[in-house]
Structure formats: structure tokens, C-alpha cells
Amino acid sequence: TMAKPRVKFGLAVNASETVNEAVQKSAEAERRGLDYVWVGDASSERYGPTVASAIAANTKRLRIGLGLLSPYLHSPTQISSGFTTLVELFGERFDLCIGVGDRSQLQRAGVIFPVGFDHLKHLMNAKEAISKRFLRNKIRAKIFLGAQGPKILKIARFFDGVLLNHASPDMVKWAINQIEREKKVDLEIGIYAPSYVYSHFKEEVYKHLRIASSVVALGASTHVLEHYGVCERLRVARWKLRSGSAIDSVLKEVPKEVVGMFSIHMPSERLPEYIGELVQLGVNQIVLGYPQNFSKETVRDLAKALIQYRRSAGLVAK
């Protein structure tokens, strides 16, 4: 039997922190043995490729993921030309993730979808156009699909990998079952979720986790929320969000247990068992999103927990 590929670990850097902070935390992640940083894109905050270039200039080994980038905010030509520039400057250390993106962020940027809009076709066309540009420029990089709901997951097999916006093993298993994997056996499966793995719990960081996981939950498809059994309980919060209520008012309507459903939240000693469950399901990349990058201390907490996992899995000497 073939050996399972080694699971890779990534840290997502937050678009709202300064470029200098993102660089420092990425350098810390590299020092501590993480494999990836993923640089998100928030049109209202920072331009992802610029942050990625600063990180690449200050690290050597770390692989840098660019995304999620939405082809509704950036054309395939813009995405591929920015990516090509990064490769020319720093070598083949980059991967890309595209997807629809956060609906509320798209609305703020003025993107409104007509009724019946075909997201699948738009994403497939964008992926095709980017792949052609990569081929022409002799760029070897993985193109991941950022996905959560069953409709988008149907096209995952046309990509090199998928980053699932899920955290609980039950939902990861459900999402993997939506992918027609038999048609793409080498598909890389990752998860990307708001995260707080800690050795000493801090209420301040947990508050940020609550906001991040609530935003994911409120942006989830109705199908996903029904599967979790929380659709009705989030109805008021979703209505308030759509009507432009203040975020604090929206969050009051989000049940506390929703945080656990949509995030990786646990003391560091529990992380090895959790990773083991995901690896059994076929996951080979785990990206820990905001607020795991809250400080150098939270990055170090994560790195220590990952050493424990590698020891328990027999990947490093005890």
C-alpha cells in the first residue's frame, strides 16, 4: 500500500494586521517548523500579493499560499499576473486558492449577484484562464478551491486541491463525501478554519475566535447550516447581518456552541487526537486561521502542540 502523504500545517495571516506584524509572525511560524502561511485578501484592508511578497522576502523555506482570492474581486488576468510576479521575485514557493469569497465582503465591494447566477461556471472559467497563464509562464503551482457547501464541492475534482471551510471531523467527512474523489484520487484535501489552540486560555483571544467563527457560520450555505442543525437558531443573526446591524448586535444572536462547530478550539494537549481524526479521513493540510496568529505567543503555542502531534504519530523522535 502507498504511504499516506505527510500532513502539512499552515498558519493564516490576517489581512487586518500590519504587513510588519504578518512578516514577524510568518518568520516565527517558519522558525517553529510550520509548512505554510496562507495570506488572505480583504479588499478593504490589504492587497494579498503585496503582503505575500514581504513574507517571502523575510523567510526562506516556508511555502506561501495566496488566497482565498475571489475572481469576483480580481480578474483571472490580475490574479495570474500578480502570482507570476511573486514567482519571478522569489521562486516557486507559492500556491493559490480561489473561491467565491465572503458574501458580506463582496457586497461591501459592490459585487451583487443576479438571481440564478452560475457560480460554478464562473469559478471553472477563472480556474481555466489562470491555469493557461501558468502554463504559458512555466509556473508550477497548485490551484486550490476554497469551498464549504455541496454545490461548489461538486467542482473540486477539477482543481489540484480543496481547502474546506469546516472544522468538525463530522462536517469534514460530510464535505469529502460531496467530492467525486474517484475521478481525482490525487486531490489534496485541506481544511481552513478560525482557530485557537492554547496552552493558557486567554479570554481576549477567545472573543476574536467567537467573531471569526460567527462570521463563517453566518456566511455558510443554508444546506450546511441545516446539516449542523443550527439554521433556525441563526435566522435572526443572519437577518440582522443582512440589514446592516452592528456586529456586536449580530453576535448576541449567535449561540455559543456555534463557535465550536465552525472553529478549531481546544487546549494544546487535545490537538494530536484531533489531527489524527482528520488524517484518518484523508486530510493532508490543516490551516489554522485567525486568531491563531494573534501574537507570537499563540503561534508558539500552536508549534508546541504540533511537536506533540508529530511525536505521538512517530514522525519525530520522542
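Residues numbered from 1 in each chain as written. Predicted model: local features only at pLDDT ≥ 70, side-chain atom pairs only at ≥ 80, totals over all residues. Heavy atoms only, no water.

Trainee: Before we go on, may I ask you to explain the overall build of the protein chain in this structure?
Mentor: Scanning the protein chain for helices and strands turns up 14 helices and 9 strands. With the principal axes as the frame, the protein chain shows a C-alpha extent of 50 × 50 × 45 Å. For the protein chain, with 318 residues in total, the buried portion stands at 53%. A separation of at least 24 residues holds for 76% of the contacts in the protein chain among residues at least 6 apart in sequence. Here the protein chain displays about 15,000 Å² of accessible surface, and carbon together with sulfur accounts for 53% of that area. With 45 positive and 31 negative side-chain charges, the protein chain shows a separation of 3 Å between the mean positions of the two kinds. (Helix = DSSP H or I, 4+ residues; strand = E, 2+ residues; numbered from the N terminus. Buried < 20%, exposed > 50% of the residue type's maximum accessible area, 1.4 Å probe, protein only. Contact = heavy atoms within 4.5 Å. Areas by Shrake-Rupley, 256 points an atom, 1.4 Å probe, with all protein chains shown as cover. Lys, Arg positive; Asp, Glu negative; His and termini not counted. Charge placed at Lys NZ, Arg CZ, Asp CG, Glu CD.)

Trainee: What's the story with the pairing of strand 4 (residues 94-98) in this structure? I'm lost.
Mentor: A regular strand places its side chains so that they alternate between the two faces of the sheet. In terms of burial, strand 4 is a largely internal element, 5 of the 5 residues being buried. Burial of strand 4 is two-sided: the residues Phe94, Leu96 and Ile98 facing one way and the residues Asp95 and Cys97 facing the other way are all buried. Inspection of the sheet shows strand 3 (residues 63-69) paired to strand 4 by 4 bridges, in the parallel sense. Residue pairing for strand 4: Gly65 is matched across the bridge by Asp95. In this fold, strand 3 hands off to helix 3 (residues 76-90), which returns the chain to strand 4; that crossover is right-handed. With 3 bridges joining them, strand 4 and strand 5 (residues 143-147) adopt parallel strand pairing. Within strand 5, the residue paired with Cys97 across the bridge is Phe144. (Pairing = 2+ DSSP bridges. Right-handed = clockwise from strand over helix to strand, strands pointing away.)

Trainee: Where do I start with the side chain of Thr298 in this structure?
Mentor: Among the secondary structure elements, Thr298 is positioned in helix 14 (residues 296-312). A distance of 2.7 Å separates a polar side-chain atom of Thr298 from the backbone oxygen of Gln292. When near neighbours in sequence (up to four residues on either side) are disregarded, Thr298 contacts Tyr196, Val205, Pro291, Gln292 and Asn293. (Polar contact = N/O pair within 3.5 Å; in protein donor to acceptor, adjacent residues only side chain to side chain.)

Trainee: Would you explain the pairing of strand 9 (residues 285-289) in this entry?
Mentor: Counting buried positions over the 5 residues of strand 9 gives 5, a clear majority of the element. Residues Gln285, Val287 and Gly289 line one face of strand 9 and the alternating positions Ile286 and Leu288 line the opposite face, and both faces are buried. By the bridge criterion, 4 bridges tie strand 1 (residues 8-13) to strand 9 in an arrangement that is parallel. What sits directly across from Leu11, in strand 9, is Leu288. Note that strand 7 (residues 188-198) and strand 9 share 5 bridges and pair parallel. Looking across to strand 9, one finds that Pro194 is bridged to Gly289.

Trainee: Hey, could you run me through the pattern of salt bridges in this one?
Mentor: Should the charged atoms of two oppositely charged side chains come close, the side chains can pair. Evaluation of the coordinates by the stated rule reveals 14 salt bridges. Note that Arg63 and Asp95 form a salt bridge whose closest N and O atoms lie 2.9 Å from each other. One end of the pair, Arg63, is in strand 3; the other, Asp95, is in strand 4, and 32 residues separate them in sequence. Given the relative accessible area of 25%, Arg63 is considered partly exposed. Classification of Asp95 as buried rests on a relative accessible area of 1%. (Salt bridge = Lys/Arg side-chain N within 4 Å of Asp/Glu carboxyl O.)

Trainee: Teacher, can you tell me more about the side chain of Arg93 here?
Mentor: In this fold, Arg93 is placed in the loop between helix 3 and strand 4. There is no salt bridge for the buried Arg93, and the closest opposite charge comes from Glu30, which lies 4.6 Å off by N-O distance. A distance of 2.9 Å separates a polar atom in the side chain of Arg93 from the backbone oxygen of Leu62. Discounting chain neighbours no more than four positions away, the residues touching Arg93 are Ala56, Thr59, Lys60, Arg61, Leu62, Arg63 and Ile64.

Distances and angles like these do not, on their own, reveal function.
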